Amino acid sequence: LSAQPIFVEQFDYPAGDSLVSHGWIHHSGSGSFIFIVSGSLTYTGYPSAGNSIDIAMGGGSREDVHADFAPPINTGAAYVSFLVRVDSASTDDTYFLHLDDTFGSYNYRARVFARDDGAGNVQFGISKSSTSTIAWTTTPLNYGQTYLLVLKYEIIGDVTGTDDVVKLYINPDVTLPEPGSPDLENIDT
């Protein structure tokens, strides 16, 4: 994408450290904590460096952490691009990334989910807000494969979010100024 990034995280910290030891802020959960693992994911045409993080998914309490960035986005669109590899997932709706207008409000927006489709394949899903219906991919995706995900959250009218749109692109053409048609879209309020 051609815009200048306002936040970049390469997880370039020692393997075994937790994210909270490097400026990320714990805001909920007490079970599985998020740690740095050695090595980065790679995807052709997409820059990668640093390390990765390991998020233990599944039932029970897991740590939620966040990083603040400025300036806040009040108009237009925010894009979040990241590499993800799912090695295992439950059939539950488990989110692993979200945006929030102000932390402490728990008004999670643009949540990204992963789950097993029941036939041994990965599905990604998105919801616009904490109370939205989740839109799921229908094409079977492989465990152990690295995917480039680009999440777009577009503020349409005002910052209340009622008319906003969230889109997810899976393995988009990274040479385009903006990805083509989204794999998923969610406008549910």
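Residues numbered from 1 in each chain as written. Predicted model: local features only at pLDDT ≥ 70, side-chain atom pairs only at ≥ 80, totals over all residues. Heavy atoms only, no water.

Visitor: I'd love a proper account of the overall build of the protein chain, names of residues and values included.
Guide: In terms of helices and strands, the protein chain carries 0 helices and 12 strands. When its helices and strands are written in sequence order, the protein chain yields β-β-β-β-β-β-β-β-β-β-β-β. If you take every contact in the protein chain between residues at least 6 apart in sequence, the share linking residues at least 24 apart comes to 52%. When the accessible surface of the protein chain is split by element, carbon and sulfur atoms take 51% of a total near 9900 Å². (Helix = DSSP H or I, 4+ residues; strand = E, 2+ residues; numbered from the N terminus. Contact = heavy atoms within 4.5 Å. Areas by Shrake-Rupley, 256 points an atom, 1.4 Å probe, with all protein chains shown as cover.)

Visitor: Provide a residue-level description of the packing of aromatic side chains, including the pertinent values.
Guide: With the rule as written, the count across this model stands at 6 aromatic pairs. Aromatic pair F7 and W24: ring centres 6.2 Å apart, planes at 75 degrees, arrangement edge-to-face. Of this pair, F7 sits in the segment before β1 (25-28) while W24 is found in the segment before β1, placing the two residues 17 residues apart along the sequence. By relative accessible area, which is 37% here, F7 ends up partly exposed. (Phe/Tyr/Trp six-rings, centres within 6.5 Å; stacked < 30°, edge-to-face > 60°. Buried < 20%, exposed > 50% of the residue type's maximum accessible area, 1.4 Å probe, protein only.)

Visitor: Outline the pattern of salt bridges, supporting the account with residue identities and numerical values.
Guide: Taken as a whole and assessed by the stated rule, the structure comprises 4 salt bridges. In this structure, D93 and R115 form a salt bridge, with 3.2 Å as the shortest nitrogen-oxygen distance. Pair noted here: D93 is in the loop between β5 (76-85) and β6 (94-100) and R115 is in strand β7 (residues 108-116), with a separation of 22 residues, a long-range link. A single salt-bridge network, built from bridges that share partners, covers K152, E154 and E178. (Salt bridge = Lys/Arg side-chain N within 4 Å of Asp/Glu carboxyl O.)

Visitor: Describe a nonpolar patch on the surface, naming the residues involved and giving the relevant values.
Guide: Taken together, the side chains of I6, F7, F69 and I73 make up a nonpolar region of the molecular surface, amounting to roughly 320 Å² of accessible area. One can find I73 in the loop between β4 (64-66) and β5. Accessibility expressed as a relative area gives 31% for I73, which makes it partly exposed. (Patch = residues over 30% accessible without salt bridge, like charges linked within 9 Å, V, L, I, M, F, W, Y side chains within 5 Å.)

Visitor: Any chance you could break down the nonpolar core for me, citing the residues and the numbers?
Guide: Counting residues in each nonpolar core, the largest one holds 22 residues, and the members touching the most others are F96, F124 and L149. For this core, the elements supplying multiple residues, two or more each, are β5, β6, β7, β8 (122-129), β10 (146-155) and β11 (165-170). Per element, the largest residue contribution to this core is 5 residues, and it comes from β10. The next biggest cluster of nonpolar side chains, apart from the first, holds 7 residues, and it includes F11, Y13, L19 and I36. (Core = buried A, V, L, I, M, F, W, Y, C linked by side-chain atoms within 4.5 Å.)

Visitor: Explain the sheet that holds β5 to me, and be specific about the residues and the numbers.
Guide: Reading across from one edge, β5-β10-β11-β12 is the order of the 4 strands in this open sheet, with antiparallel pairing throughout. At either margin of the open sheet sits one strand with a lone partner, and together these are β5 and β12 (184-186). This sheet shows a mean twist of 15 degrees between the axes of neighbouring strands, independent of strand direction. Alignment of β5 against β10, held across 10 bridges, turns out to be antiparallel. For R85, the partnering residue across the bridge sits in β10 and is T146. (Pairing = 2+ DSSP bridges. Axes fitted to C-alpha atoms, helices over the stretch in contact; angles between N-to-C directions.)

Visitor: Can you tell me about the side chain of T146, naming the residues and giving the values?
Guide: Mapped onto the secondary structure, T146 falls in strand β10. Setting aside its immediate chain neighbours within four residues, T146 contacts L41, T42, Y43, L83, V84 and R85.

Visitor: Describe in detail unusual backbone geometry, supporting the description with residues and values.
Guide: One non-glycine residue with positive phi stands out, namely F11, at about 55 degrees. Assessed through its relative accessible area of 17%, F11 is described here as buried. The backbone phi angle of N171 is positive, close to 50 degrees, even though this residue is not glycine. Mapping N171 onto the fold places it in the loop between β11 and β12.

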